[in-house]
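Below, each chain spelled out in residue letters.
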Amino acid sequence: MKILLVNDDGINAEGIKSVAKELGKRGHEIYVVAPDGERSGVAHCIIYTRPLKFFEINNFPYAKKAYSFGGCPADCVKFGVHHLFDFNFDLIVSGINHGPNLGTDVFYSGTCAAALEGKVMGISSIAISCTSWENINFLPAAEFAADFIEKTDFSTQITYNINVPNLEKKDIKGVKFTPLGIRKYSDHYEMRLIDEKEEAYLLIGDPIDVEDNLPDCDVEWSKKGYITITPLNMDLTDYKALEKLR
């Protein structure tokens, strides 16, 4: 398969290199367009108010071509598909993200946004994340992504959000196909001093338990050590409210 590989952690992140290596080893044609720096939490942002630069990256593992781009993850998909390459991609893979993208995280996630930009363009896509921010072992997630791609029919356009526990392969309990849950954080802002004279504020927050989550959702199964897979759609319409209005 011809695969466009993107992420939101940046061109030098270990997650994207790990999945490039695993997919390349299995014979897929890998092309990379990734942000030139950290773009986590930018959601489906696209930049059209200023010009964006790109640079070719040599010796990116297992990639036929790799580029660093000055935009956001969704920009990377647009730029790769519309400008850099003159052929059609079979699949877009976004990740492996450093940290989970569970439940309502998908609204904030640049990783998920890049995959959903594939849906906008009619290209099947996967967002894959590892459910930890520290001491990450990317190999189980990379291997699972490659296995999943080999076993899945992408002839009809579809987007999947996949979260893999940060565990050894033997310790992962299994795979669950789930709806999205709700994920909330203990959000607060901390003041930071910049250059010893200017104040600025940084958003801080840890995940908190949500009592009304359905037991079958991705958030709950992930806590138990399962890989979760959720098909995503772009339609945010509240159909009950729409019918009431009509």
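Residues numbered from 1 in each chain as written. Predicted model: local features only at pLDDT ≥ 70, side-chain atom pairs only at ≥ 80, totals over all residues. Heavy atoms only, no water.

Chemist: Describe the pattern of salt bridges, naming the residues involved and giving the relevant values.
Modeler: Tallied over the full model, the rule gives 14 salt bridges. E220 is paired through a salt bridge with K223; the nearest N and O atoms lie 3.3 Å apart. Placement of the pair is E220 and K223 together in helix α5 (residues 218-223), with a separation of three residues, close to one helical turn. Classification of E220 as buried rests on a relative accessible area of 16%. Each member of the salt-bridge network shares a partner with another, and the members are E22, K25, R26, D147 and E150. (Salt bridge = Lys/Arg side-chain N within 4 Å of Asp/Glu carboxyl O. Helix = DSSP H or I, 4+ residues; strand = E, 2+ residues; numbered from the N terminus. Buried < 20%, exposed > 50% of the residue type's maximum accessible area, 1.4 Å probe, protein only.)

Chemist: Give me the packing of aromatic side chains: which residues, what numbers.
Modeler: Per the stated rule, a full pass over the model turns up 15 aromatic pairs. A cation over an aromatic ring shows up here: K2 above the ring of F87, its NZ or CZ 5.7 Å from the ring centre. The side chain of K224 reaches across the aromatic face of W221, ending 4.7 Å from its centre. (Phe/Tyr/Trp six-rings, centres within 6.5 Å; stacked < 30°, edge-to-face > 60°. Lys NZ or Arg CZ within 6 Å of the ring centre and 35° of its normal.)

Chemist: Provide a residue-level description of helix α1 (residues 14-25), including the pertinent values.
Modeler: Look at α1: 16 Å from first C-alpha to last across 12 residues, which is about the 16 Å you get at 1.5 Å a residue. Within the sequence span of α1, burial applies to G15, I16, V19, A20, E22, L23 and G24. Among the structural elements, β1 (2-6), β2 (29-35), β5 (91-98) and α4 (139-151) are those in contact with the buried residues of α1. In the segment just after α1, G27 is the residue with positive phi, at about 95 degrees. (Expected span 1.5 Å × (residues − 1). Contact = heavy atoms within 4.5 Å.)

Chemist: Residue-level account of the nonpolar core, with values.
Modeler: One finds V32, I128 and I162 to be the most contacted residues of the largest nonpolar core, which totals 33 residues. When residues of this core are traced back to their parent elements, those giving at least two are β1, α1, β2, β5, β6 (125-130), α4, β7 (159-164) and β13 (226-232). No other element matches the seven residues that α4 contributes to this core. Formed by 15 residues, the second largest nonpolar core is a distinct cluster that contains F79, L84, I92 and I123. (Core = buried A, V, L, I, M, F, W, Y, C linked by side-chain atoms within 4.5 Å.)

Chemist: Run through the layout of surface pockets, naming residues and quoting values.
Modeler: Estimated volume of the largest pocket: approximately 560 Å³. Looking at the largest pocket, it is lined by 20 residues, and the ones nearest its centre are G41, D105, Y108, W133 and Y185. For the lining of the largest pocket, the secondary-structure elements that each account for two or more residues are β5 and β11 (198-204). Volume-wise, the second largest pocket comes out at about 450 Å³. The wall of the second largest pocket is formed by 23 residues, among which V106, F107, L180, N233 and L236 lie closest to the centre. Among the secondary structure elements, those contributing two or more residues to the lining of the second largest pocket are α3 (110-121) and β13. By residue number, the principal contributor to the lining of the second largest pocket is β13, which donates three residues. Looking at the lining of the second largest pocket residue by residue, the classes come out as 14 nonpolar, eight polar and one charged. (1 Å grid on protein atoms, 1.4 Å probe; cavity = no way out; pocket = protein on both sides within 12 Å on 5 of 7 lines; lining within 4 Å. Points joined across faces, edges and corners; volume = space filled by probe spheres on them. Nonpolar A, V, L, I, M, F, W, Y, C, P; charged D, E, K, R; others polar.)

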